[in-house]
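# Close look at the chain arrangement
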Amino acid sequence: MSLFKARDWWSTILGEKEEFDQGCLCVGDVDNSGSGQDKIIVGSYMGYLRIFNPHPVKPGDGVQPEDLLLEVQLREPILQVEVGKFVSGTEGLHLAVLHCRKLCVYTVSGTLGTVEHGNQYQIKLMYEHHLQRTACNMTYGPFGGVKGRDLICIQSMDGMLMLFEQESYAFGRFLPGFLLPGPLTYSSRTDSFITVSSCQQVESYKYQVLAFATDADERQETEQQKLSSGKRLAVDWVLNIGEQALDICVVSFNQAVSSVFVLGERNFFCLKDNGQIRFMKKLDYSPSCFIPYCSVKEGTINTLVGNHNKILNVYQDVTLKWATQLPHIPVSVKVANLQAVVGAGCPVPVTILDAVGVSLSGASFLFSSIFSNKRMCNMHNRGLKGVIVTLSDDGHLQCSYLGTDPSVFQAPRVDSREINYEEFDAEMKKLQKSIKEATKTQDILPKSEKHRKLIVTAEVSPDLDAESQAIDSEVKAEAVPSVTVKVTIQSRVTAQKPNLVVCVQAPLAVTCDQFFLDDLEPDASETVVLSVFLKGNCAPSELEGNCVVSYNTPTEFNPEGVLNVAQCNFRLPLRLVCFPAQPSKAANHKLTIDTNKPPISFLTIFPDFVDPSGDDQANALGFQFLTGSKTTLLASKTSQRYRIQSDHLEDLWLITKELILRLEEHFKKQNCKDFACTFSGSIPLQEYFELIDQHFELRLNAEKFQELLSERAVQFRAIERRLLTRFKDKTPAPLQHLDTLLEGTFREVIALADAAEENQANMFRALTKLKSATHLVITLISLWQKLSADQVAILEATFLPLAEDTQELGWEEAVDAAISYLLRTCLSKSSKEQALNLSSDLCMPKDTSRLKKNITVFCDRLAKGGRLSLSTDSATQQAAVMPGGCTTIPESDLEERPVIPGYTGKFPSHRQVAKQKSKPGLSEDAEKEEEKP
C-alpha cells in the first residue's frame, strides 16, 4: 500500500457522458442542519443538480442509496453553484445556481422520514433573475460591508459585472479594456473585486468605485453623458503576472495575513491586499485546480494544487510538503467536514501526522484544520474533518484522505523445508547458458544467410509495368512508367507482428511504403507486391531501395518477444527515369572514363536502350530523362575509352554509374578479374561549386521568407486586436481602414507562404541535383586516385552526411565540418597543422567561400599523395605518399574537348609542383595555403 496515494473514503461516478468544470462543485451545510457537517453539491453542464451526504459504513462499500439526498434535472446547463446567505430576512444558507442566461436561488429542506427509506429532501425556488447577457462566472460576499447577508456579482462573457442585492438587481458595470473573461473573486477585507484580464494582469476594483461609476446601460460617449454625474471606472491596482490564470481565491485566517492566491498556467502567486507579491512558486507541471486552507504554523498558509498528472501536491507557502496520487485529473478541489459513521469492523484511518509526521522533520505543520491530529472515526458524534473532495471533468467524484489504513494482515509462518541444491544448480546452469547465448558477439554482427531467423528478398521486375501505377506524379512527361517490386519474407522461426517498410529516395516514390503483416509461423513465407515510380519533377540521385522488416521472436524468458530487424536492398532499372533518344554531339559537360579492356558494344551492355536494327547505336547512345534533359554516351572505336556528355553536370551521374556497373557485370560474367576503370581528366570543381551556390542561395531565400512571414504575422495579429477592441465596444468608433489593412496583410501572408512553399520545392530539387553531382565527384576522385573501398566509404560519409537538410543544419555546414576534420587529421601536412582547430561551427554560414576553399584544398592534398583514414597518426599518413594525379591523355580517336568556361585544370603531381609556380585548378586562397610550411 503506497503512502503517497490518496485513500479513497467514498467515491461515485456521476451520470453518463456528462461534463463538469471548475465551478460545478461546492460544499456547505446547504440544508441548515446545524451539525456543522457539509454536504457536497454538484452541478453539470447537462443540467443535473445533485446533493450528496456521504457516510460509508464499511470499507469497500459502494455508494449507498441514502448518500444521494437530492437529484433534479434543471432545464439549462449549470455553470456554477454556491452556498451562501442569499435570501433577505433570514441568515440561513441557500443555494445559488448560475445558468447561461439565468440566476436561480433555491432553499434545500428535508423532511424527517417515518419509514425505512429515510429522510426526504426537496428544493424550492426562492427567486430568479433573467440575465440580458451570457454569464461566465459569479462570486458572492458582503458587498459594501453589509452584515448578515451575501450579495451576488455575475461576470458576463462581454465583460460586464452585474450586481444583485439578493432579490433585486442593483447595477451593472463594464470592465475597461475587456477582451475575454477571467476568474473572479471578492475580498471582504478590502471590499473589492479581483479578476485576471486577458492582458495577463491581476486587476482589483473597489465596490464603491463600481457603485459610483457610469451606469453600464448608459455608456454612450455623448456630450450629455460627459456632463452627467457618473465617474469612469478606475482600477484600484494592477499586477502583471505574465500568464493566463486558471483560478483566483482570497483567504483570511486568524494566524495568517489576508492574501490573494492566483493559480497560473505555470506558477501560483500569493499577493497582499495592495497587489504586492508575497511569494511566488514556479510549477514544473500543468496545474488544473487549487484551494488554500489554514495552516497550524503561524504566518503560513497551506495550498492544495492538483495537476494533469493526477497528482495532488500540498504546499506550505512555497515549500512542497506532500504529494499524493489521485485516480483521475481533478478540475475542482474542496475541503469538507463530513459525517463519520463507525460500524462493525470500521477501520481507523491513520493521518499523515500519525503515520509519518516524525520522519518529515516536524511535519506536524500539515493538516491541523484539514486533518485532526488524532485518529479519525473514533467517535459516533465526531465528524470526519478535512476530507479532500475532488471532481474530474467526466464526473468522477471522490472523497479521500491522506495517509494509510492500519494493516490487519499477518503473514503466515513459512514452513521450513529442505533446499534441493541439485535442482538449483541445474536451473542456474540453464540460465547461464541462455545468458551466454544471448550475449555472444556473433549475434551482434550480421549473420550469414543460412543462420538468419528471417530472410527478406526483393525482386525487381525486368520490364516496366504494362499499366503505370504512378500516383500524383509531378513529372510533366506524357507517360510516367512504374516498375513492380516483389518482396518475399521467409521466416525460420515464429515471427510476431512483422512490419515491412519499403524506402526509396525522393523524388522516387512507392504505391505503399508500409505493410502490417500477420504473425508468421516457422518455415512460412509472405509476399508483398508494390510499384515504384518517379514522383518529383527532377532526376533522382540514386536508383536503390531498401526493405526493412521488424518483428518479435518469443523466448523462454520473454513471451512478448525480442525485437529483431532484417533488411535487404534492391536496384531499380534505369528505364524507370529515362528512355532511349537520339545522341547529341554538342554538350557543355564531358567526361572520359578509361578502361583496361577493349570497348564493348552498347548492343551488349545496354540491350534495353538499343534498337537491334540500328547499327549506329553500337558506339553512340542517347538517354532522354523524364524531366526533359538529355545525356549522350559514346564509345571509342580504337581506344579503351567511354565518354559521357550532357548539358547539365548532375545528369552525367546516373549514366556514368550505370556504365561502370554494367561493364563490371559484363566482365564478371566473362571471368575477367582484372578489369578496372580509371579517370585521368580534371575534376569539374567549378561547375560543382555553381550547384553549391544555387542550393545555398535558396537556403538564404528560405531564411528571408521566414523573417518576412514572421513580420507580417505580427502585423496581422496587431490589426486583429485593434479590430476586436473596436467591434466589442457598444458604440464602436470608425474602423479607419483597418479592415482594408487587414485584408492587404492577409494577402501578403498568403503570397509569402506560397513563395516560401515554392522556394522549398526549388531547394529540394537543388539538393537532389547537388547530391547527384556529389556522387559524380566522389566517383571521379575514387577512379582518379584509385581509392580503396574503405577510403571511398570515408569520402561518401564526408560529402553525403546522413543528416536531413534543414535551416538549422544544412548540407554546407555539415560537409564543411567533415572536410575540416579530415584536413586537420589524416590530410594534415604537419603536427603543427593538426593542432589548429579548422572545424567549423554547425550553423548556417554567411557564404560558401570557406567550403569551396576547403574542397579545393582537400582535392589538392589527395593529388599530392594524401590518403583517407580515420587514424590521426600523421607520420603514418605521410609515410605512405602516393604519386599525384595523372596528366590528361590526348584523345586522338574522340572529338576534341571543348573549352568550358570555368573548367578546372588537372591536379599536378609532385614533380609538376616543383616546376610550376602557380597551380591550375586552385584558387588564390588555396595557393597561399599550400605555400605555408
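Residues numbered from 1 in each chain as written. Predicted model: local features only at pLDDT ≥ 70, side-chain atom pairs only at ≥ 80, totals over all residues. Heavy atoms only, no water.

### Thoughts on the overall build of the protein
What the protein contains, in helices and strands, is 16 helices and 42 strands. Looking at the protein as a whole, 46% of its 933 residues are labelled buried. Looking at the protein alone, contacts between residues at least 24 apart form 63% of all its contacts between residues at least 6 apart. Taken as a whole, the protein presents about 48,300 Å² of accessible surface, with 51% of it coming from carbon and sulfur. (Helix = DSSP H or I, 4+ residues; strand = E, 2+ residues; numbered from the N terminus. Buried < 20%, exposed > 50% of the residue type's maximum accessible area, 1.4 Å probe, protein only. Contact = heavy atoms within 4.5 Å. Areas by Shrake-Rupley, 256 points an atom, 1.4 Å probe, with all protein chains shown as cover.)

### Topic: the sheet that holds strand E36 (residues 562-571)
The strand order across the open sheet formed by four strands is E33-E31-E35-E36, and the pairing between neighbours is antiparallel. Where the open sheet ends on each side, the last strands, each with one partner, are strand E33 (514-516) and E36. Taking each pair of neighbouring strands and ignoring which way they run, the sheet shows an average axis angle of 15°. As paired elements, strand E31 (residues 496-504) and strand E35 (residues 544-553) share seven bridges and run antiparallel to each other. Counterpart to Gln 496 in the pairing with E35 is Asn 552. (Pairing = 2+ DSSP bridges. Axes fitted to C-alpha atoms, helices over the stretch in contact; angles between N-to-C directions.)

### Considering the nonpolar core
Side chains of nonpolar character tend, in soluble globular proteins, to be buried together. Leu 572, Phe 606, Tyr 688, Ile 855 and Phe 858 are the most contacted members of the largest nonpolar core, which has 101 residues in total. Sort the elements by how many residues they give to this core and helix H9 (residues 738-785) lands first, with 10 residues. Dropping the residues within four chain positions of it, Phe 858 is found in contact with Leu 795, Phe 799, Ile 819, Leu 822, Leu 823, Leu 827 and Leu 868. The next biggest cluster of nonpolar side chains, apart from the first, holds 19 residues, and it includes Leu 338, Leu 384, Leu 397 and Tyr 401. (Core = buried A, V, L, I, M, F, W, Y, C linked by side-chain atoms within 4.5 Å.)

### A word on the packing of aromatic side chains
This model, assessed by the stated rule, comprises 20 aromatic pairs. With a centroid separation of 5.7 Å and 65° between ring planes, the pair formed by Phe 799 and Phe 858 is classed as edge-to-face. Of the two residues, Phe 799 is situated in helix H10 (residues 789-799) and Phe 858 in helix H13 (residues 849-863); the sequence distance between them amounts to 59 residues. The buried category is assigned to Phe 799, whose relative accessible area is 2%. Phe 858 sits in the buried class, given a relative accessible area of 0%. Taken together, the ring pairs in this structure connect Phe 143, Phe 171, Tyr 186, Phe 193 and Tyr 207 into an aromatic cluster. (Phe/Tyr/Trp six-rings, centres within 6.5 Å; stacked < 30°, edge-to-face > 60°.)

### Regarding the sheet that holds strand E10 (residues 135-141)
Across the sheet, four strands lie side by side as E10-E11-E12-E13; this open sheet has antiparallel pairing. A strand with exactly one partner marks an edge of an open sheet, and here the two such strands are E10 and strand E13 (168-174). This sheet shows a mean twist of 20° between the axes of neighbouring strands, independent of strand direction. With six bridges connecting them, strand E12 (residues 160-165) and E13 associate as antiparallel partners. Across the sheet, residue Phe 164 finds its bridge partner in E13, namely Tyr 169.

### Let's talk about the pattern of salt bridges
With the rule as written, the count across this model stands at 23 salt bridges. In this structure, Arg 50 engages Glu 71 in a salt bridge whose closest nitrogen and oxygen atoms are separated by 3.3 Å. Note that Arg 50 is positioned in strand E4 (residues 48-52) and Glu 71 in strand E5 (residues 68-73), a separation of 21 residues in sequence. The class for Glu 71 is partly exposed, based on a relative accessible area of 41%. Arg 189 is paired through a salt bridge with Asp 273; the nearest N and O atoms lie 2.7 Å apart. Here the residue Arg 189 occupies a position in the loop between strand E14 (184-187) and strand E15 (192-196), and Asp 273 occupies one in the loop between strand E20 (267-271) and strand E21 (277-282), the gap between them amounting to 84 residues. Linked through salt bridges whose partners overlap, the residues forming this network are Arg 571, Asp 608, Glu 658, Arg 662 and Glu 665. (Salt bridge = Lys/Arg side-chain N within 4 Å of Asp/Glu carboxyl O.)

### Looking at the environment of Met 280
Within the element layout of this structure, Met 280 appears in strand E21. Met 280 sits 12 residues away from Phe 268 along the chain, and the two C-alpha atoms are 5.9 Å apart. Residues within four places of Met 280 in sequence aside, it is in contact with Asn 267, Phe 268, Phe 269 and Val 318.

### As for a negative patch on the surface
Taken together, the side chains of Glu 19, Asp 21, Asp 393 and Asp 394 define an acidic patch exposed on the protein surface. The class of Asp 21 is partly exposed, set by a relative accessible area of 35%. (Patch = residues over 30% accessible without salt bridge, like charges linked within 9 Å, V, L, I, M, F, W, Y side chains within 5 Å. Lys, Arg positive; Asp, Glu negative; His and termini not counted. Charge placed at Lys NZ, Arg CZ, Asp CG, Glu CD.)

### A few points about the side chain of His 99
Here His 99 shows up in the loop between strand E7 (94-98) and strand E8 (102-111). A distance of 3.0 Å separates the side chain of His 99 from the backbone oxygen of Pro 77, its partner in a polar contact. The residues contacting His 99, other than those within four sequence positions of it, are Leu 74, Glu 76, Pro 77, Ile 78, Leu 79, Cys 104, Leu 131 and Ala 135. (Polar contact = N/O pair within 3.5 Å; in protein donor to acceptor, adjacent residues only side chain to side chain.)

### Overview of the packing of H9 against H13
With their axes 11 Å apart at the nearest point, H9 and H13 run at an angle of 20° to one another. As judged from the angle between their axes, H9 and H13 are roughly parallel. Where H9 crosses over H13, the handedness of that crossing is right-handed. Judged by residue contacts, Ile 781, Trp 784 and Gln 785 of H9 engage Cys 859, Leu 862 and Ala 863 from H13. (Parallel < 35°, antiparallel > 145°, perpendicular 65-115°, else oblique. Left-handed = near helix turned anticlockwise from the far one by under 90°.)

### Details of the packing of H9 against H10
Running from amino to carboxyl end, H9 crosses H10 at an angle of 155°, the nearest separation of the two axes being 10 Å. The angle between H9 and H10 places the two elements in the roughly antiparallel class. The two elements H9 and H10 cross, and the hand of that crossing is right-handed. Every residue of H10 that contacts H9 at Thr 774, Ile 778, Ile 781 and Ser 782 is listed here: Val 792, Leu 795, Glu 796 and Phe 799.

### Remarks on H13
Along an α-helix, residues three or four apart share an orientation, since each turn contains 3.6 residues. The terminal C-alpha atoms of H13 lie 21 Å apart, and with 15 residues this matches the ideal 21 Å at 1.5 Å per residue to within 8%. Taken across its 15 residues, H13 has 11 buried, putting it largely inside the fold. Of the positions making up H13, those classed as buried are Leu 851, Asn 854, Ile 855, Thr 856, Val 857, Phe 858, Cys 859, Asp 860, Arg 861, Leu 862 and Ala 863. Taken from the residues just after H13, Gly 865 is the one with a positive phi, measuring 110°. (Expected span 1.5 Å × (residues − 1).)

### What about the confidence of the model for the protein?
Taken over all residues, the pLDDT of the protein has a mean of 80, while the share at 70 or more is 80%. In this model, residues 872-933 is a region of pLDDT below 50 whose contacts with residues beyond four sequence positions or in other chains number 126 contacts. (pLDDT = per-residue confidence, 0-100.)

### So, a nonpolar patch on the surface
Residues Leu 179, Leu 180 and Leu 724 make up a contiguous nonpolar surface patch of about 270 Å² in total accessible area. Locating Leu 724 in the fold gives a position in helix H8 (residues 685-728). For Leu 724, a relative accessible area of 45% translates into the label partly exposed.

### Looking at the environment of His 589
With respect to the secondary-structure elements, His 589 resides in strand E38 (residues 589-595). Once the C-alpha coordinates of His 589 and Pro 684 are considered, the two residues, 95 residues apart in sequence, prove to be 8.8 Å apart.

### Describing H9
In this model, H9 (48 residues) spans 68 Å end to end at C-alpha, consistent with the 70 Å of a helix rising 1.5 Å per residue. Following H9 by one or two positions, Lys 786 has its phi on the positive side, about 50°.

### Topic: the side chain of Glu 658
Inspection of the secondary structure puts Glu 658 in helix H7 (residues 652-669). Once you skip the residues sitting within four places of it in the chain, Glu 658 turns out to touch Arg 571, Leu 574 and Phe 606.

### A closer look at unusual backbone geometry
Residue Pro 507 is reached from Ala 506 by a cis peptide bond, and omega for that bond is 15°. Mapped onto the secondary structure, Pro 507 falls in the loop between E31 and strand E32 (508-510). Of note, Asp 191 is a non-glycine position whose phi angle comes to about 55°, a positive value. With respect to the helices and strands, Asp 191 occurs in the loop between E14 and E15. Residue class for Asp 191 comes out buried when judged on its relative accessible area of 15%. The residue Lys 497 is not glycine, and still its phi comes out positive at about 50°. Along the chain, the position of Lys 497 falls in strand E31.

### Quick look at the pairing of strand E24 (residues 311-316)
Burial within E24 is extensive, with five of its six residues counted as buried. By the bridge criterion, five bridges tie strand E23 (residues 301-307) to E24 in an arrangement that is antiparallel. The residue of E24 that forms the bridge with Leu 304 is Val 314. Between E23 and E24, which pair antiparallel and follow one another directly, the connecting turn spans three residues, one of which, Lys 310, has a positive phi of 65°. Between E24 and the antiparallel strand that follows it, strand E25 (residues 319-325), lie two residues; Asp 317 among them carries a positive phi value of about 60°.

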